[in-house]
Amino acid sequence: MAVILHIETSTTVCSAALSKNGDCLLQKIDFEAQSHARLLPLFLKEICTFLQQHSLKVDAVAVSSGPGSYTGLRIGVSTAKGLCYGWSVPLIAIDTLKIMANAFKEKHFVDDGTLLCPMIDARRMEVYNAFYNADLSVMRPTSADIIEQGCYDDLLQDNKICFFGNGVSKCKMLLNHSNAFFDETIYPSAQMMIRLAEQAFEGHDFKDIAYFEPFYLKQFIATIPKQKF
């Protein structure tokens with residue numbers, strides 16, 4: 001168990017949180033878009049004040065690793081790296097889509113056999129998504145998909161699939177199936193990183209601070225082929 005600082009800046013939501021032994025001690029969050037560079041230092045200043053007041057020392061810094069906004073991820077990751085260097089603590093990186101899947105599980109009961117599909121909005125009818133099993137194991141890794149009528153029917157025929165995130169709004173009409181369920185209220189946040197970061201810390205799953213880079217949305221356009229089932 002550890003004291004971990006969490007930073008999440010992959011979408012329009014900006015958040016930071018502090019946890020100890022898996023419990024959230026403090027979270028700061030804002031939904032104002034394009035304000036990450038201004039807000040994140042303010043959030044961290046308040047968290048650092050809290051650390052001093054309670055005589056706590058950070059054992060690791062966790063950051064959302066994308067996919068997500070280029071600017072948002074750059075701000076979050078560069079800040080996390082700087083803190084790791086300054087405090088001489090390890091860096092933990094958590095996949096943004098897995099953070100969203102964890103957030104969905106915190107809100108809803110998910111039975112075995114249900115697939116979770118977090119979606120981040122991209123351009124036109126494209127989304128960046130992944131498929132997870134109910135235990136958050138990866139069923140299909142992050143991919144760039146163009147949403148078309150019936151594009152997931154093969155999976156929906158045999159599985160209940162929960163689609164969620166800010167990419168869902170443009171998909172609901174095209175994914176018209178009795179096994180498809182939607183939640184547009186799910187978003188990545190620092191608080192939803194806590195359980196995943198604790199697992200990474202216990203497993204010593206740390207990133208090289210000098211060379212780690214997040215997954216920017218634009219990278220998927222060139223490097224990840226469109227996948228269909």
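Figured I'd write up the structure that's included with this text.

What counts as what
Residues numbered from 1 in each chain as written. Predicted model: local features only at pLDDT ≥ 70, side-chain atom pairs only at ≥ 80, totals over all residues. Heavy atoms only, no water. Phe/Tyr/Trp six-rings, centres within 6.5 Å; stacked < 30°, edge-to-face > 60°. Helix = DSSP H or I, 4+ residues; strand = E, 2+ residues; numbered from the N terminus. Buried < 20%, exposed > 50% of the residue type's maximum accessible area, 1.4 Å probe, protein only. Lys NZ or Arg CZ within 6 Å of the ring centre and 35° of its normal. Contact = heavy atoms within 4.5 Å. Polar contact = N/O pair within 3.5 Å; in protein donor to acceptor, adjacent residues only side chain to side chain. Pairing = 2+ DSSP bridges. Axes fitted to C-alpha atoms, helices over the stretch in contact; angles between N-to-C directions.

Considering all chains together, one arrives at 6 aromatic pairs under this definition. Judged by centre distance (5.4 Å) and plane angle (75 degrees), the ring pair of F131 and Y152 falls under edge-to-face. One end of the pair, F131, is in strand β7 (residues 126-132); the other, Y152, is in the loop between β8 (138-146) and α4 (153-156), with 21 residues separating them in the sequence. Across the pair, Y152 and F131 agree in class, each one buried. Consider the rings of Y152 and F163, whose centres lie 5.8 Å apart with planes at 25 degrees: the pair is stacked. One end of the pair, Y152, is in the loop between β8 and α4; the other, F163, is in strand β9 (residues 161-164), and 11 residues separate them in sequence. You'll find Y152 and F163 in the same group, each marked buried. A cation over an aromatic ring shows up here: K160 above the ring of F181, its NZ or CZ 4.7 Å from the ring centre.

So, on to the environment of K170. The topology assignment puts K170 in the loop between β9 and β10 (180-183). Between the C-alpha atoms of K170 and D30, which are 140 residues apart in sequence, the distance is 24 Å. Beyond its immediate chain neighbours, meaning those up to four positions away, K170 contacts D121, A122, R123, R124, M125, E126 and V127. Within the structure, the side chain of K170 is placed 3.0 Å from the backbone oxygen of A122, a separation counted as a polar contact.

Below, the discussion takes up the side chain of H36. Inspection of the secondary structure assignment puts H36 in helix α1 (residues 36-53). Polar contacts involving the side chain of H36 include one to the main-chain carbonyl oxygen of T11, which spans 2.7 Å. Those residues within four positions of H36 in sequence are excluded, and the remaining contacts are T9, T11, T12, V13, C14, P41, G72 and I75.

Moving on: the sheet that holds strand β4 (residues 60-64). Pairing within the open sheet is mixed, and its 5 strands lie in the order β3-β2-β1-β4-β5. Edge positions in the sheet fall to β3 (23-30) and β5 (91-94), since each has one partner strand and no second. Looking at each pair of strands side by side, their axes are set apart by 15 degrees on average, direction ignored. Judged from the 4 bridges that link them, β4 and β5 form a sheet pairing that is parallel. Counterpart to V61 in the pairing with β5 is L91. Packed on one face of the sheet, helix α2 (residues 70-87) meets β1 (3-8), β4 and β5 and runs near 170 degrees to β4.

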